[in-house]
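# Architecture at a glance
Listed below, chain by chain, are the residues.
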Amino acid sequence: MPTDTLRLFFALPCPAELTTAICTWRDGLALGGKPVAADNLHLTLAFLGQQPRARLEELQLLAAGIEAPPFELHLDRLGGGRRGLLWLEPSRMPEPLSVLVGDLQQRLLAAGVTLDTRPFRAHLTLIRHAGARPAEAAPDFAWPVERFALYASETTARGVRHRELGNWPLEPGLQPLRRPGTPR
Ligand code: 2AM
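Keep in mind that what you see is a predicted model, and the values were worked out from it rather than measured.

## Thoughts on the site of the ligand
Every residue lining the ligand is accounted for by Arg-7, Phe-9, His-42, Thr-44, Phe-47, Asp-116, Arg-118, His-123, Thr-125 and Arg-128. Arg-7 is positioned such that a nitrogen or oxygen atom in its side chain is 3.1 Å from an oxygen atom of the ligand. Contact with the protein chains covers 74% of the free accessible surface of the ligand, which is 470 Å². At a threshold of 2 Å from the grid points, most atoms of the ligand map onto the largest pocket. Sorting the residues of the shell around the ligand by element identifies β1 (5–13), β3 (42–52) and β7 (124–128) as the ones contributing at least two each. Per-element tally for the shell around the ligand: the top contributor is β3, with three residues. Within the shell around the ligand, the residues separate by chemical class into two nonpolar, four polar and four charged.

Quick look at the structure:
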């Protein structure tokens, strides 16, 4: 039965070819744990948590108002957190990504959405509850970022599913417009 709220987040969807390359590399490391499903690989831009379904159109319009250029993201570092969390991250944050995240977050805050207060850290989660963290891994993945998307995270009998609720292209030729107070 549909609920009247959705667990929402904006993210960069990992392109199909890159997903295949990353999953092949990850699975070759044989680290155990719970690998993120290939269909769910993403880089979160903003996590909104539970939101009324009735706000969906407003959030889609908010996203459509964003003007930002495409850029390349290099995932060249393996990072980790508590409980065996492993992710890929860039060693250098591309300026257009900082600007995109800052713009999105400011628009969401202006719309009254409560966001995580922790500083943004770009990452693509690979595995949860991994048994090890390889010291020697030297990832080097180039990601041509051409769009961002809004997802609902849904729990199904077959696990978590990220349902896309809209995606918006990044437009070549636009300059990243840094607003005051956007994160670097
Ligand atoms: P991530 O940490 O791998 O980016 C959907 O729940 C997704 O939103 C999660 O897979 C998680 O992906 C991301 N997310 C970001 N901040 C979150 C938060 N505070 N709570 C839960 N999920 C969060």
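Back to the text.
## Structural notes on the layout of surface pockets
Where empty space is left in the structure can be found by rolling a water-sized probe over the atoms. Here the largest pocket is characterised by a volume of approximately 2000 Å³. Lining of the largest pocket is provided by 49 residues; of these, His-42, Thr-44, His-123, Thr-125 and Arg-128 occupy positions nearest its centre. Of all the secondary-structure elements, those providing two or more residues to the lining of the largest pocket are β1, β2 (34–35), β3, α3 (95–110), β7, β9 (147–156) and β10 (159–169). With six residues, β9 is the largest single contributor of residues to the lining of the largest pocket. Per-class residue counts for the lining of the largest pocket are 21 nonpolar, 14 polar and 14 charged.

## Concerning the side chain of Asn-40
Turning to its location among the elements, Asn-40 is positioned in the loop between β2 and β3. Looking at Asn-40, the relative accessible area reads 10%, which means it is buried. Beyond its immediate sequence surroundings of up to four residues, Asn-40 is in contact with Val-160, Arg-161 and His-162.

## Side note on the sheet that holds β2
With antiparallel pairing, the four strands of this open sheet are ordered in space as β2-β7-β6-β5. Edge positions in the open sheet fall to β2 and β5 (77–80), since each of these has one partner strand only. As judged from the four bridges shared by β5 and strand β6 (residues 86–89), these two strands associate in the antiparallel manner. Within the sheet, the bridge partner assigned to Gly-79 lies in β6 and is Trp-87. With respect to the sheet, helix α1 (residues 16–29) is in contact with β2, β5, β6 and β7, its orientation differing from that of β7 by roughly 30 degrees.

## Some details on the environment of Phe-148
Along the chain, the position of Phe-148 falls in strand β9. Along the sequence, Phe-148 and Cys-14 sit 134 residues apart, while their C-alpha atoms lie 9.7 Å from each other. Dropping the residues within four chain positions of it, Phe-148 is found in contact with Phe-10, Ala-11, Leu-12, Pro-13, Leu-45, Ala-63, Ile-66, Gly-166, Asn-167, Trp-168 and Leu-170.

## A word on the packing of aromatic side chains
According to the stated counting rule, one finds five aromatic pairs in the structure shown. Between Phe-10 and Trp-168 the ring centres are 6.3 Å apart and the planes differ by 50 degrees, which places this aromatic pair in the tilted class. Pair noted here: Phe-10 is in strand β1 and Trp-168 is in strand β10, with a separation of 158 residues, a long-range link. The exposure class assigned to Phe-10 is buried, which follows from its relative accessible area of 0%. The exposure class of Trp-168 is buried, given its relative accessible area of 13%. Aromatic side chains Trp-25 and Phe-141 sit 5.5 Å apart centroid to centroid with 75 degrees between the ring planes, which places their arrangement in the edge-to-face category. Note that Trp-25 is positioned in helix α1 and Phe-141 in strand β8 (residues 141–145), a separation of 116 residues in sequence.

## A short note on the sheet that holds β3
Spatially, four strands are ordered β3-β1-β9-β10 in an open sheet, and the strand pairing comes out antiparallel. Only two strands of the sheet have a single partner each, and these edge strands are β3 and β10. Looking at each pair of strands side by side, their axes are set apart by 25 degrees on average, direction ignored. Pairing of β1 with β9 involves four bridges; the strand directions are antiparallel. Looking at the pairing, Phe-9 lines up with Tyr-151 of β9. Together, β1 and β3 form the strand contacts of α3, whose direction differs from that of β3 by roughly 5 degrees.

About the criteria used
- Residues numbered from 1 in each chain as written.
- Predicted model: local features only at pLDDT ≥ 70, side-chain atom pairs only at ≥ 80, totals over all residues.
- Heavy atoms only, no water.
- Near = heavy atom within 4 Å.
- Polar contact = N/O pair within 3.5 Å; in protein donor to acceptor, adjacent residues only side chain to side chain.
- Areas by Shrake-Rupley, 256 points an atom, 1.4 Å probe, with all protein chains shown as cover.
- 1 Å grid on protein atoms, 1.4 Å probe; cavity = no way out; pocket = protein on both sides within 12 Å on 5 of 7 lines; lining within 4 Å.
- Sits in = over half its atoms within 2 Å of the grid points.
- Helix = DSSP H or I, 4+ residues; strand = E, 2+ residues; numbered from the N terminus.
- Nonpolar A, V, L, I, M, F, W, Y, C, P; charged D, E, K, R; others polar.
- Points joined across faces, edges and corners; volume = space filled by probe spheres on them.
- Buried < 20%, exposed > 50% of the residue type's maximum accessible area, 1.4 Å probe, protein only.
- Contact = heavy atoms within 4.5 Å.
- Pairing = 2+ DSSP bridges.
- Axes fitted to C-alpha atoms, helices over the stretch in contact; angles between N-to-C directions.
- Phe/Tyr/Trp six-rings, centres within 6.5 Å; stacked < 30°, edge-to-face > 60°.

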